[in-house]
Amino acid sequence: MNILEIEKLHATVGGKEILKGLDLCVGPGEVHAIMGPNGSGKSTLAQVLAGRDDYEVTSGSIRFKGADLVELAPEERACAGLFLAFQYPIEIPGVNNTYLLKAALNAQRKSRGETEVDAFEFMRLIKDKMKVMQISEEFLHRSVNEGFSGGEKKRNEVLQMLLLEPQLAVLDETDSGLDVDALKVVAAGVNSLRDPKRSMILVTHYERLLELIEPDFVHVLAGGKIVKSGDRSLARELDARGYDWITQQAAAV
Amino acid sequence: MATESRQIADLVKQKYQHGFITDIEQDTVPPGLDESVIRLISAKKGEPKFLLDWRLKAFELWQTLTEPAWAHVNYTPIDYQSISYFSAPKSQADAPKSLDEVDPKLLETYDKLGIPLHERARLAGVAVDAVFDSVSVATTFKGKLSEAGVIFCSFSEAVREHPALVEQYLGTVVPLRDNFFSALNSAVFSDGSFVYVPKGVRCPMELSTYFRINAANTGQFERTLVIADEGSHVSYLEGCTAPMRDENQLHAAVVELVALDDAEIKYSTVQNWYPGDENGVGGIYNFVTKRGDCRGTNSKISWTQVETGSAITWKYPSCVLRGDNSVGEFYSVAVANNCQQADTGTKMIHIGKNTRSTIISKGISAGRGQNAYRGLVRFMPTAKNARNYTQCDSLLLGDQCGAHTFPYIESREPSGRIEHEATTSKISDDQLFYCRQRGLSEEDAVNMIVNGFCRRVFQNLPMEFAVEAQNLMNVSLEGAIG
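Residues numbered from 1 in each chain as written. Chains lettered and ligands numbered in written order. Predicted model: local features only at pLDDT ≥ 70, side-chain atom pairs only at ≥ 80, totals over all residues.

A. The arrangement of the overall build of chain B in detail. Looking only at helices and strands, one finds 13 helices and 23 strands in chain B. When burial is assessed residue by residue, chain B has 56% of its 482 residues classed as buried. Taking as baseline every contact in chain B between residues at least 6 positions apart, the subset at least 24 positions apart corresponds to 85%. (Helix = DSSP H or I, 4+ residues; strand = E, 2+ residues; numbered from the N terminus. Buried ≥ 20, exposed ≤ 12 C-beta atoms within 10 Å, placed from the backbone. Contact = placed C-beta atoms within 7 Å.)

Listed below in structure tokens is the structure:
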């Protein structure tokens, strides 16, 4: 069974239609890259999947692990195993990073009928993952994303992902604003989570991320739908030729 | 947003959890105030002449004062002649010496409030001087304190046992003519707490008092006096809840703190009195005068307050930094929900050299609540190298509430440094969505963000109060989003 099945999805933001009949299937263990020019609807897709309020699904369907995703509240989606790494992680002044991480983990564990972890167990769980993300302990005690550099914010997103171990991770331009070294750390984090049962959607502008996180499929999103799908080589072609030839092709059809 | 309004509507409808009335016979003076009532109060308490004279002088002054109107609050005028000025449990004549002697109904009341007195005392090592209406009924841990030489007792007892100390310090921080409410309190105060920590003594435990208003139509006029002698240290906690009532109940307490050379007083309050219903009916009028005098060099007074209750809060715990190098601190969280109105803040009066003050104020407004921060920082010409740092943040939940800031800054000393930072924010949709995407419910997300907003204040509360304060915030703002 596919983890995610999107059919003829139409969605509006503030009354304006952004997604116009998008189809996408993601199987277990698969990594799909979604590329495309600015304004094509990539981030909208990510927000719609996570259930952001002002993003309205007007027609079509999204099934997550066989169940209707659209009806679920954002926290229900999260607890069902859907994770969104934000393009612009949100700052929450005064809220300790550890506190959010532990509260999130326990909320999800509770929803699965598992026991909550205590502070000691939590520290044991997070230690190795911090090593992977090259995050120091001091980082845990700072307010969520407040005063973090761009790279720290993105690493923090991936740290959260490693801790929460989602079944479907949507990474919205997690590579943007990262230098080469930071990109390597982020990629190592993401790769450490690759698993035959876990799927990922990488939303990105750049081919360079896909050098480090090898996708199984590459899709081009333009004008609110997938206009071309291929394998890894498509990304290289896009890197060399840009998007115009595809959007023109799509327009001609 | 639709969800917002729904959530705020839920929040607004939240019922006060501690609303009930204990059925205990009250020994109550008929409503009304004149000289004879004051003489009666004083006689009932068997007070020495100096105190009666002091009360009468206060009453005389009070009659010349007018109720202040500058606060950002609205309420129907108080009829001071309709209030009864003395009320005490019947068993007052032979007041209990231990918990075993306490009226079981009273203990039941504490149980309902979640204050298992002896449990709490034993577990936390806290001496509890529980005030029920006007007379102290239970005092614990006296032995351990007296071993250290610390006097911690009801105000009435202090008047009987330590009249010289009372006479020496009473009214020296908040003078009789200070303000309308404090003058009224001075004339009619019924009881309260008294603390004296002798030279060089570090008080071996946190001191705590639970105040509770119970009798209908009985204004409660608490009087608290804390004296920290040279080189001593004391931490005093105060917390309270009140039963559900329809008529407004006046509360005009006065708290005076005196810190001598090298002494330190930490005074913490969690105030959760009945705030009135969602239409603003009922609720406590809380007109409190709290002031600390850093009388000695290197002395320090720190106020921490969490104000979630009362229909009206009018309260400015202040520090007079008289001694050189003295330090004043004010950490405050004030919540105004439903129709609550809070006008609260502090005054830092710098007189001595190198005096320092810190003000951290966090105001949370929800429902139709109105929250005002009012603060004065004054550097007198003698206050060489004085410093003040003020941070004043407001958090709005919903779109029908208000946050107001009235900072007064007066510097008459050019070497001083004053910093003032202020922010007003709402809990953003982005923050909520981010937390929910990680699996937290909307409610948990709001609680987490609000508690985060209050963190710098909660950090200053003693441990057991910090937990209580967080729970209190969660209860008072359940489901609120901005």
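Now that the structure has been shown, we can carry on.
B. Spotlight on the overall build of chain A. From N to C terminus, chain A includes 10 helices and 12 strands. Its C-alpha radius of gyration of 18 Å places chain A within 12% of the 18 Å reference for a compact globule of 253 residues. Here the C-alpha coordinates of chain A stretch approximately 60 × 40 × 35 Å along the principal axes. Counting every position in chain A, which comprises 253 residues, the buried fraction comes to 44%. Excluding contacts between residues fewer than 6 apart, the proportion of contacts in chain A whose partners are at least 24 apart in sequence is 72%. (Rg over C-alpha atoms; globule rule 2.2 N^0.38 Å.)

C. A look at the sheet that holds strand β10 (residues 199-203) of chain A. Residue and element names in this part refer to chain A. Sheet architecture is open: six strands sit in the order β6-β9-β10-β3-β11-β12, paired in mixed fashion. What marks the edges here is a single partner per strand, and that holds for β6 (82-85) and β12 (225-230). Taking the axes of each pair of neighbouring strands and ignoring which way they run, one obtains an average angle of 20° across the sheet. With five bridges connecting them, strand β9 (residues 168-172) and β10 associate as parallel partners. (Pairing = 2+ DSSP bridges. Axes fitted to C-alpha atoms, helices over the stretch in contact; angles between N-to-C directions.)

D. View of the packing of helix α4 (residues 119-132) of chain A against helix α6 (residues 150-164) of chain A. Residue and element names in this part refer to chain A. Two elements in contact, α4 and α6, have axes separated by 10 Å at closest approach and are oriented at 140°. It follows that α4 is oblique to α6 by the angle criterion. Handedness of the α4/α6 crossing: right-handed. Contacts from Leu125, Ile126, Lys129, Met130 and Val132 in α4 reach Leu159, Leu162 and Leu163 in α6. Among the residues forming the contact of α4 with α6, the class breakdown is seven nonpolar, no polar and one charged. (Parallel < 35°, antiparallel > 145°, perpendicular 65-115°, else oblique. Left-handed = near helix turned anticlockwise from the far one by under 90°. Nonpolar A, V, L, I, M, F, W, Y, C, P; charged D, E, K, R; others polar.)

E. Summary view of the interface of chain A and chain B. Each partner contributes residues to the interface: chain A has 21 residues there, and chain B has 18 residues. Of all elements in the fold, only α2 (74-80), β7 (92-96) and α3 (97-111) of chain A reach the threshold of two or more residues within the side of chain A that touches chain B. The biggest single contributor to the side of chain A that touches chain B is α3 of chain A, with six residues. Of the residues contributing to the side of chain A that touches chain B, the split by class is 15 nonpolar, three polar and three charged.

F. Quick look at the pairing of strand β13 (residues 284-294) of chain B. Residue and element names in this part refer to chain B. With 11 of its 11 residues buried, β13 lies for the most part within the structure. Neither face of β13 is left uncovered, since the one carrying Ile284, Asn286, Val288, Lys290, Gly292 and Cys294 and the one carrying Tyr285, Phe287, Thr289, Arg291 and Asp293 both have all their residues buried. Note that strand β10 (residues 249-251) and β13 share three bridges and pair parallel. From the neighbouring strand, Gln249 faces β13, where its bridge partner is Ile284. Here β13 runs beside strand β15 (residues 312-315); their pairing, made up of four bridges, is parallel. Each bridged residue has a counterpart across the sheet, and for Asn286 the counterpart in β15 is Thr313. Sheet topology note: the β13/strand β16 (residues 318-321) ladder contains four bridges and is parallel. Directly across from Asp293, in β16, lies its bridge partner Val320.

G. Representation of helix α3 (residues 49-64) of chain B. Residues and elements named next belong to chain B. Given a rise of 1.5 Å per residue, 16 residues ought to cover 22 Å, and the 23 Å separating the end C-alpha atoms of α3 matches this to within 8%. Those residues of α3 lying buried are Trp54, Arg55, Ala58, Phe59 and Trp62. Along the long axis of α3, the arc covered by the buried residues comes to 140°, so they all point the same way. Exposed residues pointing more than 90 degrees away from the buried face of α3 are listed as Lys49, Asp53, Gln63 and Thr64. Tucked into the core, α3 has its buried residues touching α2 (35-44) and α9 (180-188). (Expected span 1.5 Å × (residues − 1). Arc of directions from axis to C-beta.)

H. Structural view of unusual backbone geometry. Residue and element names in this part refer to chain A. Although it is not a glycine, Lys65 sits at a positive phi angle of roughly 50°. For Lys65, the location among the structural elements is in the loop between β4 (55-64) and β5 (67-68). Even without being a glycine, Glu165 presents a positive backbone phi close to 45°. The class for Glu165 is partly exposed, based on 15 C-beta atoms found within 10 Å.

I. Representation of the sheet that holds strand β1 (residues 4-13) of chain A. All names here are of chain A. Strand order in the open sheet formed by four strands is β2-β1-β4-β5, and the pairing between neighbours is antiparallel. Every other strand in the sheet has two partners, leaving β2 (16-26) and β5 as the edge strands with one partner each. Of the pairings in the sheet, the one linking β1 to β4 comprises eight bridges and is antiparallel in character. Of the residues in β4, the one forming a bridge with Ile6 is Ile62. Relative to the sheet, helix α1 (residues 42-50) contacts β1, β2 and β4, its axis offset from that of β2 by approximately 75°.

J. Fine view of α3 of chain A. Residue and element names in this part refer to chain A. Relative to the 21 Å expected for 15 residues at 1.5 Å per residue, α3 spans 21 Å between its end C-alpha atoms, a close match to the ideal helical length. Considered for burial, the residues of α3 that qualify are Asn97, Leu100, Leu101, Lys102, Ala103, Ala104, Leu105, Ala107 and Gln108. At the C-terminal side of α3, Gly113 shows a positive phi close to 75°.

K. The arrangement of the confidence of the model for chain A in detail. Per-residue confidence for chain A averages 92 on the pLDDT scale, and 99% of its residues sit at or above 70. Put simply, helix α10 (residues 244-252) of chain A is where chain A has its lowest mean pLDDT, 79, and β6 of chain A is where it has its highest, 97. (pLDDT = per-residue confidence, 0-100.)

L. Examining the environment of Pro30 of chain B more closely. Residue and element names in this part refer to chain B. Tracing the sequence through the fold places Pro30 in the loop between β1 (26-28) and α2. Given 8 C-beta atoms within 10 Å, Pro30 falls into the exposed group. For the pair formed by Pro30 and Ser82, sequence separation is 52 residues and the distance between their alpha carbons is 8.8 Å.

M. Region of interest: the confidence of the model for chain B. Residues and elements named next belong to chain B. Overall, the prediction assigns chain B a mean pLDDT of 81, with 76% of residues at 70 or greater. Mean pLDDT per element in chain B: helix α5 (residues 117-124) is the minimum at 38, and β16 is the maximum at 98. Ignoring residues within four places in sequence, the model shows residues 210-218, a span with pLDDT below 50, making 40 contacts including any to other chains. Of the two predicted TM-score estimates for the complex, the pTM is 0.79 and the ipTM is 0.96.

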